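Next come the chains, spelled out residue by residue.
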Amino acid sequence: MRRKTVTVKIDEIPVGSDHPIVVQSMTNTDTADIPGTVEQVKRLADAGSELVRITVNNDPAAKAVPDIVNRLRQHDYMTPIIGDFHYNGHLLLTRFPDCAKMLAKYRINPGNVGTRHRDKNFMTIIEQAVLHNKPVRIGVNWGSLDQVLLTEMMDENSRLPEPLEAKTVMINAMVESAMRSARLAEESGLSHNKIILSAKVSGVQDLIQVYRKLAGGSDYPLHLGLTEAGMGSKGIIASTAGLSVLLQEGIGDTIRVSLTPKPGGDRTEEVRVAQQILQSLELRSFNPQVTACPGCGRTTSSLFQKLADDIWAYIHQQMPVWRTKFPGVEELKVAVMGCVVNGPGESKHADIGISLPGTGEAPKAPVYIDGIHAKTLRGETIARDFQAILDAYVVNRFGRNQQPGG
Ligand code: SF4
């Protein structure tokens, strides 16, 4: 069961326990590069990112924000754009009112709003949020945790008869930083339903601990993510491990997977991974799922791998059209199996499945539709024939969901 929260609206996107968990991402372009940033936001939105955050770190970036948002809207991209502020957010939001107005939400890191004037700078950002009627995310990060607060809490801990471990104090300090900042924001006039919290760390066990504590202390929606998750499979697996435990406990209302792309790599991978985490946990559906066995000594020909790959690619190619023409198609389950051992069984559990002949089996491939053996394919055209059966299934089953005139 989802942890109960209030709903925070980010433009038209609601975030909170009464709504689906929202997928978000962040650009890595120089925000002052308007065409480059617009292009990347479009790609992230096309991949399914429902919110996109951009860095607003200096005057040229703040000046670029209105242009970026306007260009996106001109091309019918309505994705809310969130501004990521550190150190000088109080100055930029005040000096560039159009930037403050065009952003859908401000991200504030309470550890990065100054030391001497910490609360004053923080309150200036909150004043801008109130003025422009914007929500904020109070995003604590252990790499930039409020050192004054941490020192205070460490000192206090050392005076206890049985001091806690330093790691526990650090986690408590992260939660305290988020909660203290949220209280200050509300005292400064920001509505309760304009605040989202996050407390990101880079270790999976720490993430689970800190979010469990954060979840217990309030009904603010939570933004979930591992900070600096890393590259490649390490980043994907660590994010999946941490987020899955928390999501399974009902914790988390919007997620971001912070992958480090290879130089020139595809930024949209983080969106696909976030979607797949939610879909694997059966929390949301984004794309049809293809179940394929790993193959083994019974699949010595490459026919099976090739068919699984072709079907996967075909579905992805069709999805932009299928999604609009056949509502519900994202829940489709397809199985492509390598031999008779698990092939028929797994195929029967899918909406549509094919069990290919393993090494030494008769060259025929039974196809199962809604659990029933519907057809047996043979010969060189198995791949093409299966694709045609898949097309017909999609039209028959999901075409019924079409709106009249659609
Ligand atoms: S279904 Fe057949 S080919 Fe696939 S892994 Fe199992 S035994 Fe191997």
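Residues numbered from 1 in each chain as written. Predicted model: local features only at pLDDT ≥ 70, side-chain atom pairs only at ≥ 80, totals over all residues. Heavy atoms only, no water.

Brief notes about helix α1 (residues 34–47)
Item 1. Look at α1: 20 Å from first C-alpha to last across 14 residues, which is about the 20 Å you get at 1.5 Å a residue.
Item 2. On its buried side, α1 packs onto β3 (22–26), β4 (51–55), α2 (59–74), β5 (81–85) and α10 (269–280).
Item 3. For α1, the side-chain oxygen to backbone nitrogen distance between the N-cap and Gly 36 is 2.9 Å, and the N-cap itself is Asp 33.
Item 4. Phi turns positive one or two residues past the end of α1, at Gly 48, with a value near 120 degrees. (Helix = DSSP H or I, 4+ residues; strand = E, 2+ residues; numbered from the N terminus. Expected span 1.5 Å × (residues − 1). Contact = heavy atoms within 4.5 Å. Polar contact = N/O pair within 3.5 Å; in protein donor to acceptor, adjacent residues only side chain to side chain.)

A short note on the sheet that holds strand β11 (residues 254–255)
Item 1. In spatial order, the strands read β8-β7-β6-β5-β4-β3-β11-β9; together these eight strands make up an open sheet with parallel pairing. Where the open sheet ends on each side, the last strands, each with one partner, are β8 (195–200) and β9 (223–224).
Item 2. Pairing of β9 with β11, which is carried by two bridges, proceeds in the parallel orientation. Within β11, the residue paired with His 223 across the bridge is Thr 254.
Item 3. α10 rests against β3 and β11 of the sheet, and its axis sits at about 160 degrees to β3. (Pairing = 2+ DSSP bridges. Axes fitted to C-alpha atoms, helices over the stretch in contact; angles between N-to-C directions.)

Examining the site of the ligand
Item 1. Every residue lining the ligand is accounted for by Cys 293, Gly 295, Cys 296, Arg 298, Thr 299, Met 337, Gly 338, Cys 339, Val 341 and Asn 342.
Item 2. Considered class by class, the residues forming the shell around the ligand number five nonpolar, four polar and one charged. (Near = heavy atom within 4 Å. Nonpolar A, V, L, I, M, F, W, Y, C, P; charged D, E, K, R; others polar.)

Description of the packing of helix α7 (residues 166–187) against helix α8 (residues 204–216)
When two helices pack together, you describe them by how their axes are tilted relative to each other and by the distance separating the axes.
Item 1. Their axes nearest at 10 Å, the elements α7 and α8 cross at an angle of 45 degrees. Classed by the angle they form, the pair α7 and α8 counts as oblique. Relative to α8, α7 is oriented so that their crossing is right-handed. For the pair α7 and α8, the contacting residues are Lys 167, Thr 168, Ile 171, Asn 172, Met 174, Val 175, Ala 178 and Met 179 in the first and Asp 206, Gln 209, Val 210, Lys 213 and Leu 214 in the second.
Item 2. Across the contact of α7 with α8, the residue classes tally to seven nonpolar, three polar and three charged. (Parallel < 35°, antiparallel > 145°, perpendicular 65-115°, else oblique. Left-handed = near helix turned anticlockwise from the far one by under 90°.)

Observations concerning the nonpolar core
Item 1. Ranked by size, the top nonpolar core spans 81 residues in total, and within it Val 56, Tyr 106, Val 136, Ile 195, Leu 197, Tyr 211 and Leu 214 carry the most contacts.
Item 2. When residues in this core are grouped by element, the largest group, eleven residues, is from α7.
Item 3. Apart from the residues lying within four places of it in its own chain, the contact partners of Tyr 211 are Ser 198, Ala 199, Lys 200, Leu 222, His 223, Leu 224, Gly 225, Leu 246 and Ile 251. (Core = buried A, V, L, I, M, F, W, Y, C linked by side-chain atoms within 4.5 Å. Buried < 20%, exposed > 50% of the residue type's maximum accessible area, 1.4 Å probe, protein only.)

Re α7
Because each turn of an α-helix spans 3.6 residues, side chains separated by three or four positions end up pointing in the same direction.
Item 1. Taking 1.5 Å per residue as the helical rise, α7 with its 22 residues ought to reach 32 Å, and the 31 Å between its terminal C-alpha atoms agrees with that figure.
Item 2. Gly 189, located one to two residues past α7, shows a positive phi value of around 110 degrees.

Thoughts on the pairing of strand β16 (residues 364–369)
Item 1. Taken together, the three bridges between strand β15 (residues 352–355) and β16 define a ladder with antiparallel strand orientation. The residue bridging Ile 354 from the neighbouring strand is Val 367, located in β16.
Item 2. Both β16 and strand β17 (residues 372–378) contribute to a ladder of six bridges, which runs antiparallel. Each bridged residue has a counterpart across the sheet, and for Ile 369 the counterpart in β17 is Ile 372.
Item 3. Counting the residues that bridge the hairpin from β16 to β17 gives two residues, and of these Asp 370 lies at a positive phi of roughly 50 degrees.

What about the pairing of β8?
Item 1. Burial of β8 is extensive: six of the six residues sit out of reach of the surface.
Item 2. Burial of the side chains of β8 extends over both faces: Ile 195, Leu 197 and Ala 199 are buried on one face and Ile 196, Ser 198 and Lys 200 on the other.
Item 3. Bridge count between strand β7 (residues 136–141) and β8: six bridges; the pairing is parallel. When the sheet's bridge partners are listed, Val 140 is paired in β8 with Ala 199.

Thoughts on unusual backbone geometry
Item 1. Even without a glycine there, the phi angle at Glu 282 is positive, about 60 degrees.
Item 2. Following the sequence through the fold, Glu 282 ends up in the loop between α10 and β13 (289–292).
Item 3. Relative accessible area serves as the criterion here: at 71%, Glu 282 is assigned to the exposed category.

A look at the pattern of salt bridges
Item 1. Overall, the coordinates contain 19 salt bridges when judged by the stated rule.
Item 2. Between Glu 12 and Lys 9 there is a salt bridge whose closest N-O contact spans 3.8 Å.
Item 3. With relative accessibility at 65%, the residue Glu 12 sits in the exposed group.
Item 4. Here Asp 84 ties to Arg 107 by a salt bridge, and the two come within 3.2 Å at their closest N and O atoms. Of this pair, Asp 84 sits in strand β5 while Arg 107 sits in strand β6 (residues 105–108); the two residues are 23 residues apart in sequence, bridging distant segments of the chain. (Salt bridge = Lys/Arg side-chain N within 4 Å of Asp/Glu carboxyl O.)

Some words on the packing of aromatic side chains
Any two aromatic rings considered together are summarised by their centre-to-centre distance and by the angle between their planes.
Item 1. Counted under the stated rule, the structure contains two aromatic pairs.
Item 2. With a centroid separation of 6.0 Å and an interplanar angle of 85 degrees, the aromatic rings of Phe 85 and Tyr 106 are classed as edge-to-face. Of this pair, Phe 85 sits in strand β5 while Tyr 106 sits in strand β6; the two residues are 21 residues apart in sequence, bridging distant segments of the chain.
Item 3. A residue is classified by how much of its surface remains accessible, and Phe 85, at 3% relative accessible area, is buried.
Item 4. For Tyr 106, a relative accessible area of 0% gives the class buried.
Item 5. With 6.1 Å between their ring centres and 85 degrees between their planes, Tyr 314 and Trp 322 make a pair best called edge-to-face.
Item 6. Judged by relative accessible area, Tyr 314 falls into the buried class, the value being 11%. (Phe/Tyr/Trp six-rings, centres within 6.5 Å; stacked < 30°, edge-to-face > 60°.)

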